[in-house]
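# Results of the structural survey
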Amino acid sequence: MIKYLGTKNTKDGGVLYIFLINGLQKEIREAALKQYPGCYDALPATAKARISANRAWLSKT
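About the cut-offs
- Residues numbered from 1 in each chain as written.
- Predicted model: local features only at pLDDT ≥ 70, side-chain atom pairs only at ≥ 80, totals over all residues.
- Heavy atoms only, no water.
- Helix = DSSP H or I, 4+ residues; strand = E, 2+ residues; numbered from the N terminus.
- Buried < 20%, exposed > 50% of the residue type's maximum accessible area, 1.4 Å probe, protein only.
- Contact = heavy atoms within 4.5 Å.
- Areas by Shrake-Rupley, 256 points an atom, 1.4 Å probe, with all protein chains shown as cover.
- Lys, Arg positive; Asp, Glu negative; His and termini not counted.
- Charge placed at Lys NZ, Arg CZ, Asp CG, Glu CD.
- Salt bridge = Lys/Arg side-chain N within 4 Å of Asp/Glu carboxyl O.
- Pairing = 2+ DSSP bridges.

### Brief notes about the overall build of the chain
For the chain, the count of helices and strands is 2 helices and 3 strands. Reading the chain from its N terminus to its C terminus gives the helix and strand order β-β-β-α-α. In the chain, which comprises 61 residues, the proportion classed as buried is 21%. Counted over contacts in the chain with a minimum sequence separation of 6, partners at least 24 positions apart contribute 19%. Roughly 4500 Å² of accessible area belongs to the chain as shown, and the carbon and sulfur atoms make up 53% of that amount. Looking at charge distribution, the chain has the averaged site of its 10 positive side-chain charges lying 1 Å from that of its 4 negative ones.

### Concerning the pattern of salt bridges
Considering all chains together, one arrives at 1 salt bridge under this definition. Its salt-bridge partner being Glu27, residue Lys8 comes within 3.4 Å of it at the nearest N-O pair. Of this pair, Lys8 sits in strand 1 (residues 2-9) while Glu27 sits in strand 3 (residues 24-29), and the two are 19 residues apart along the sequence.

### Some thoughts on the pairing of strand 1
In terms of strand pairing, strand 1 meets strand 2 (residues 15-21) through 7 bridges, oriented antiparallel. Residue pairing in the sheet places Asn9 in a bridge with Val15 of strand 2. In this antiparallel pair of consecutive strands, strand 1 and strand 2, the connection spans 5 residues, and Gly13 shows a positive phi of 95 degrees.

Quick look at the structure:
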(Lines give C-alpha, C1' and ligand atoms only; values in the text may rest on other atoms or scores of the structure.)
Protein backbone atom coordinates (compact mmCIF):
# COMPACT_ATOMS: atom_id res chain seq x y z
CA MET A 1 0.00 0.00 0.00
CA ILE A 2 1.35 3.42 -0.99
CA LYS A 3 -0.23 6.64 0.23
CA TYR A 4 1.01 10.16 -0.52
CA LEU A 5 1.19 12.29 2.63
CA GLY A 6 2.74 15.54 1.43
CA THR A 7 5.98 17.37 0.75
CA LYS A 8 8.76 18.75 2.86
CA ASN A 9 11.28 21.42 1.85
CA THR A 10 14.93 20.85 2.64
CA LYS A 11 17.38 23.50 3.81
CA ASP A 12 19.07 23.64 0.41
CA GLY A 13 15.80 24.29 -1.47
CA GLY A 14 15.02 20.73 -2.49
CA VAL A 15 11.73 18.93 -2.06
CA LEU A 16 11.15 15.61 -0.34
CA TYR A 17 7.98 13.70 -1.10
CA ILE A 18 6.55 11.92 1.93
CA PHE A 19 4.81 8.58 1.46
CA LEU A 20 3.38 5.91 3.68
CA ILE A 21 4.67 2.66 2.18
CA ASN A 22 3.44 -0.56 3.79
CA GLY A 23 2.97 1.23 7.11
CA LEU A 24 6.38 2.95 7.10
CA GLN A 25 6.87 6.65 6.44
CA LYS A 26 9.46 7.35 3.72
CA GLU A 27 10.87 10.68 2.57
CA ILE A 28 11.88 10.36 -1.08
CA ARG A 29 13.79 12.83 -3.25
CA GLU A 30 12.44 13.59 -6.70
CA ALA A 31 15.34 11.82 -8.40
CA ALA A 32 14.73 8.67 -6.34
CA LEU A 33 11.05 8.26 -7.22
CA LYS A 34 11.98 5.72 -9.90
CA GLN A 35 13.44 3.43 -7.21
CA TYR A 36 10.05 3.10 -5.51
CA PRO A 37 7.50 1.56 -7.89
CA GLY A 38 4.05 3.09 -7.58
CA CYS A 39 5.13 6.25 -5.78
CA TYR A 40 5.03 8.46 -8.85
CA ASP A 41 1.56 7.17 -9.68
CA ALA A 42 0.38 7.99 -6.14
CA LEU A 43 1.36 11.68 -6.50
CA PRO A 44 -1.39 14.26 -7.05
CA ALA A 45 -1.55 16.11 -10.37
CA THR A 46 0.02 19.26 -8.91
CA ALA A 47 3.13 17.39 -7.78
CA LYS A 48 3.43 15.63 -11.15
CA ALA A 49 3.18 19.02 -12.88
CA ARG A 50 5.97 20.42 -10.68
CA ILE A 51 8.22 17.45 -11.48
CA SER A 52 7.46 17.80 -15.18
CA ALA A 53 8.34 21.50 -15.07
CA ASN A 54 11.60 20.72 -13.25
CA ARG A 55 12.55 18.13 -15.85
CA ALA A 56 11.74 20.51 -18.72
CA TRP A 57 13.88 23.22 -17.11
CA LEU A 58 16.78 20.80 -16.61
CA SER A 59 16.63 19.64 -20.22
CA LYS A 60 17.14 23.24 -21.39
CA THR A 61 20.39 23.68 -19.45
